[in-house]
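Residue strings, one per chain:
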2 protein chains.
Amino acid sequence: MTVVSLAHGTGGKEMQDLIRELFSSIRTMRREFIGLDAFDDGAVLHGDEGSLVMSTDSYTVKPIFFPGGDIGKLAAYGSINDVAVMGATPIGALDSIIVEEGFPINDLKRIVRSMIDAFESQGVQIISGDFKVMPKGQLDGIVITTTVIGYLNGKPILDSGAKPNDKVIVSGPIGDHGAVITAYQYGIDPEEEGLTSDCASVLPIMRISTEVGEVHAAKDPTRGGLAMALNEIAEKSKVSIWIREEDIPIRNKVRSLMDLLGIDPLYLACEGRVVIIADPNSAEEILRNLRKEGYTDAKIIGEVRSERPGYVVMETVAGGYRIVEKLRGELTPRIC
Amino acid sequence: MTVVSLAHGTGGKEMQDLIRELFSSIRTMRREFIGLDAFDDGAVLHGDEGSLVMSTDSYTVKPIFFPGGDIGKLAAYGSINDVAVMGATPIGALDSIIVEEGFPINDLKRIVRSMIDAFESQGVQIISGDFKVMPKGQLDGIVITTTVIGYLNGKPILDSGAKPNDKVIVSGPIGDHGAVITAYQYGIDPEEEGLTSDCASVLPIMRISTEVGEVHAAKDPTRGGLAMALNEIAEKSKVSIWIREEDIPIRNKVRSLMDLLGIDPLYLACEGRVVIIADPNSAEEILRNLRKEGYTDAKIIGEVRSERPGYVVMETVAGGYRIVEKLRGELTPRIC
């Protein structure tokens, strides 16, 4: 490869390889930071009193307004979620907006309003920001980068924490956000199909889960979907993850559209779900509490094993087994 | 105005007004953060043990490679500088790269290498990041957003700290970066003109200055140049700033090109200079030390007064006085 391809941006195998190559030379210079070489959702800064977690993400979603959200809401919840899944309480956010010359001011106001509301609904204070304009034709609309900082409650939850016998919980139906954006990009109106993005904060899910149970790993399956989230956990934790296809919650409308388009929903982005790897002794308790608190579609979909480390294996509805591989090639660009 | 214009992105008056309108509704939710409503270069997080300073910026500079630097180096030093001018020692950085499909991998490697080198040269550890690809034609090349976090040494240096009788120091010739990028955008080869960007870390300048003297305010004059930096300090500190045109260091090559193009160098971006507002008792000492450490063009260019708060006034070489207004209208887009 001599040029960047869309496959480099999917969150899949090609992107992992490129990022690792680009940043392979980073030296660990400071003891304060942990989890640097782990390529987790965020980074941890250890201070004398407590620790901080930070994460940054750029949001390029197209279209910028979609059923269930917009780029502003997504930019707020997306980075909140990256901090939340590490076991931290987000407190502050920095935003950087780049907008194309000619962009409607009213759309910009609506997007910023939506971002502020989303941050404030989760107790997160916007503390600083930047604003740039690019000449017409040099940027398609708007992109937003957000950085969220949070206080760590106890030890950080890392992708490397899964242990054999742990249970795998998903907090709700997968692929809702991915289905909406994919529909648009195929020229299908998601509203007509009854599709809505799951764009939301996963902070309540993490609070409920860590309050009643022991969470060993957690991840919000965005780009690359459930398949990539599980692969990353399996790889970093040096375990295998075994899931049952029939237990994975997927909305019928999402499943049927993806069947039509020939896309595996396991690779579809979620923007308000978490996959939680929980101690077997507390997984049922976490599930009960999630359901009680309104996450009625939460499910235990599998478990962690020690054999075949690094693999994700799915028992299919037909009764066979198949390896759930990392995402390769391009899927929907500008999904988030 | 119903659409975003290039003038909204210059760092001038129109941008200030738009940002203030967009973010006017932000509520102060958390005591931990100070200086939120000040729109300073960064934000301060007060912890039980010491404080942290954070800043975020998106870099859209065009061209991405230029004499004296590239977008990677600029993205590193730019955010380091925003933290440094608040009196903090930067320790960690998060980066988010958005690149256009078809972008040469070798250019990407060179840019990331340059960013890593710049961060590491200043003792800053890259701790987390994001990477996105936009389809060909939807983004012109590459944009990088960096967020830098640093420990505060003592009290934060804020734009509101200037006091009557303080001296105004600039650390070197102004407008070098702006001249390079402006030349390119006018189709002039900056190398042929002997122009080089001043793209550099201002951390050494801040260290020297705060070690030997009392710095009341400091700013790196990027978009909007020295004129906007001084206007912001004058406005936030509720003082006036009086500068002498003949004392402002500007390279002859920069001045003559800007004369030709009809651009006032006071509004040209610097990327490695600081304007320091220092206590009158230590200004000379700061200047001596800066010069001793290699900043031989550093100069005292004026002083702070109490009358006419909010104004920046320049004594011209002709002997008259003129108000240095905030930047209005568009200047060079994608300057940084």
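Everything here concerns the structure above.
Conventions used here
- Residues numbered from 1 in each chain as written.
- Chains lettered and ligands numbered in written order.
- Predicted model: local features only at pLDDT ≥ 70, side-chain atom pairs only at ≥ 80, totals over all residues.
- Heavy atoms only, no water.
- Helix = DSSP H or I, 4+ residues; strand = E, 2+ residues; numbered from the N terminus.
- Rg over C-alpha atoms; globule rule 2.2 N^0.38 Å.
- Contact = heavy atoms within 4.5 Å.
- Areas by Shrake-Rupley, 256 points an atom, 1.4 Å probe, with all protein chains shown as cover.
- Lys, Arg positive; Asp, Glu negative; His and termini not counted.
- Charge placed at Lys NZ, Arg CZ, Asp CG, Glu CD.
- Least-squares fit on C-alpha atoms with pLDDT ≥ 70 in both.
- Patch = residues over 30% accessible without salt bridge, like charges linked within 9 Å, V, L, I, M, F, W, Y side chains within 5 Å.
- Salt bridge = Lys/Arg side-chain N within 4 Å of Asp/Glu carboxyl O.
- Buried < 20%, exposed > 50% of the residue type's maximum accessible area, 1.4 Å probe, protein only.
- Buried area = accessible area lost by both parts, 1.4 Å probe.
- Polar contact = N/O pair within 3.5 Å; in protein donor to acceptor, adjacent residues only side chain to side chain.
- Pairing = 2+ DSSP bridges.
- Axes fitted to C-alpha atoms, helices over the stretch in contact; angles between N-to-C directions.
- Expected span 1.5 Å × (residues − 1).
- Parallel < 35°, antiparallel > 145°, perpendicular 65-115°, else oblique.
- Left-handed = near helix turned anticlockwise from the far one by under 90°.
- Nonpolar A, V, L, I, M, F, W, Y, C, P; charged D, E, K, R; others polar.
- 1 Å grid on protein atoms, 1.4 Å probe; cavity = no way out; pocket = protein on both sides within 12 Å on 5 of 7 lines; lining within 4 Å.
- Points joined across faces, edges and corners; volume = space filled by probe spheres on them.
- Phe/Tyr/Trp six-rings, centres within 6.5 Å; stacked < 30°, edge-to-face > 60°.
- Lys NZ or Arg CZ within 6 Å of the ring centre and 35° of its normal.
- Disulfide = S-S within 2.5 Å.

Let us now look at the overall build of chain A. Summing up its helical and strand segments, chain A has 8 helices and 15 strands in all. Computed over C-alpha atoms, the radius of gyration of chain A comes to 19 Å, within 12% of the 20 Å expected from 2.2 N^0.38 for 336 residues, which places it in the range of a compact globule. Within chain A, residue pairs in contact and separated by at least 24 positions form 85% of the contacts whose partners lie at least 6 positions apart. Split by element, the accessible area of chain A, about 12100 Å² in all, is 46% carbon and sulfur. Charge separation in chain A, taken as the distance between the mean sites of 35 positive and 49 negative side-chain charges, equals 2 Å.

Turning next to the relation of the copies chain A and chain B. Under the fitted operation, chain A is carried onto chain B by 0.0 Å of movement along the axis and a turn of 180 degrees, and the coordinates agree to an RMSD of 0.0 Å. Accordingly, the operation relating the two chain copies is best matched by a two-fold axis. The position closest to the rotation axis in chain A is occupied by the C-alpha of L139 of chain A, lying 2.2 Å away. Both copies present the same face, since 100% of the interface residues in chain A are matched by interface residues at the equivalent positions in chain B.

Glancing now at a negative patch on the surface. Residues and elements named next belong to chain A. A cluster of acidic side chains, namely D189, E191, E192 and E193, defines a negative patch on the protein surface. For E193, the location among the structural elements is in the loop between helix 4 (176–185) and helix 5 (203–212). Using a relative accessible area of 35% as the deciding quantity, one classes E193 as partly exposed.

Each side of the interface is counted separately: chain A has 87 residues, and chain B has 88 residues. Considering only the side of chain A, the residues that lose the most area to chain B are V4, Q125 and F131 of chain A, jointly responsible for 9% of the buried surface there. Taken together, the links from chain A to chain B amount to 5 salt bridges. For R27 of chain B, the salt bridge goes to E120 of chain A, with nearest N and O atoms at 3.1 Å. At the junction of chain A with chain B, the criterion picks out 28 residue pairs in polar contact (both at pLDDT 80 or more).

Two orientations exist for strands paired in a sheet by backbone hydrogen bonds: parallel and antiparallel. Residues and elements named next belong to chain B. The mixed open sheet is built from 7 strands, whose spatial order is 10-12-9-13-11-14-15. Strands with a single pairing partner mark the edges of an open sheet, and in this sheet they are strand 10 (215–219) and strand 15 (321–323). Neighbour-to-neighbour, the strand axes of this sheet turn through a mean angle of 25 degrees, independent of strand direction. Here strand 14 (residues 312–315) pairs with strand 15 via 3 bridges, running antiparallel. In the sheet register, M314 faces strand 15, and the bridge partner there is R322.

Where the residue is not glycine, phi is negative for most of them; where a peptide bond is considered, it is trans in most cases. All names here are of chain A. Cis peptide bonds are those with omega within 30 degrees of zero, and the linkage from K62 to P63 qualifies with 5 degrees. Position of P63 among the secondary structure elements: in the loop between strand 3 (51–59) and strand 4 (65–66). Of note in this structure, K238 is not a glycine but carries a positive phi near 55 degrees. Turning to its location among the elements, K238 is positioned in the loop between helix 6 (225–237) and strand 11 (240–244). Exposure remark for K238: the relative accessible area of 61% places this residue in the exposed category.

This next bit is on the sheet that holds strand 15 (residues 321–323) of chain A. All names here are of chain A. Across the sheet, 7 strands lie side by side as 10-12-9-13-11-14-15; this open sheet has mixed pairing. Both outer strands of the open sheet, strand 10 (215–219) and strand 15, are each paired with one neighbouring strand and no more. On average, each strand axis in the sheet is inclined to that of its neighbour by 25 degrees, with strand direction left out of account. Two strands pair when backbone bridges link them, and strand 11 and strand 14 (residues 312–315) are joined in this way by 4 bridges, in the parallel orientation. When the bridges of strand 14 are listed, I241 appears paired with V312.

Below, the discussion takes up helix 3 (residues 105–121) of chain B. Residues and elements named next belong to chain B. Look at helix 3: 24 Å from first C-alpha to last across 17 residues, which is about the 24 Å you get at 1.5 Å a residue. Within the span of helix 3, buried status applies to I105, L108, I111, V112, S114, M115, I116, A118, F119 and E120. Phi turns positive one or two residues past the end of helix 3, at G123, with a value near 75 degrees.

Moving on, we get to the packing of helix 5 (residues 203–212) of chain B against helix 8 (residues 283–292) of chain B. All names here are of chain B. Two numbers describe how helix 5 lies on helix 8: the axes approach to 9 Å, and their chain directions differ by 140 degrees. The angle between helix 5 and helix 8 places the two elements in the oblique class. Crossing angle aside, the handedness with which helix 5 passes helix 8 is right-handed. Taken together, the residues of helix 8 that come into contact with helix 5 (itself represented by I205, I208, S209 and V212) are E285, I286, N289 and L290. Its residues placed into classes, the contact of helix 5 with helix 8 shows 5 nonpolar, 2 polar and 1 charged.

What follows concerns empty space enclosed by the protein. Residue and element names in this part refer to chain B. Scanning all chains against the criterion turns up 3 cavities of 30 Å³ or more. Approximately 170 Å³ is the volume attributed to the largest cavity. Lining the largest cavity are 18 residues, with G9, T10, R223, T332 and I335 positioned closest to its centre. For the lining of the largest cavity, the class distribution of residues is 10 nonpolar, 5 polar and 3 charged.

Turning our attention to the packing of aromatic side chains. This model, assessed by the stated rule, comprises 2 aromatic pairs over all chains. Above the ring of Y59 of chain A, the side-chain terminus of K132 of chain B is found at 5.2 Å from the ring centroid. The ring of Y311 of chain B is capped by R308 of chain B, whose NZ or CZ atom sits 4.8 Å from the centre of that ring.

Once that is clear, we can look at the state of the cysteines. Inspection of the entire model under this criterion finds 0 disulfides over all chains. Unpaired in this structure, C199 of chain A has its nearest cysteine sulfur neighbour in C336 of chain A, at a distance of 10 Å. With relative accessibility at 5%, the residue C199 of chain A sits in the buried group. As a non-bridged cysteine, C270 of chain B has C336 of chain B as the owner of its nearest cysteine sulfur, 11 Å distant.

A few words now on the environment of L327 of chain A. Turning to its location among the elements, L327 of chain A is positioned in the segment after strand 15. In contact with L327 of chain A, not counting residues within four places along its chain, are T10, G12, K13, E14, G224, M228 and Y267 of chain A.

Turning our attention to the pairing of strand 13 (residues 299–305) of chain B. All names here are of chain B. Extensive coverage of strand 13 is indicated by the burial of 5 of its 7 residues. Inspection of the sheet shows strand 9 (residues 167–170) paired to strand 13 by 4 bridges, in the antiparallel sense. For K167, the partnering residue across the bridge sits in strand 13 and is E303. Two elements, strand 11 (residues 240–244) and strand 13, share 4 bridges in a ladder whose sense is antiparallel. In the strand pairing of strand 13, W242 is matched with E303.

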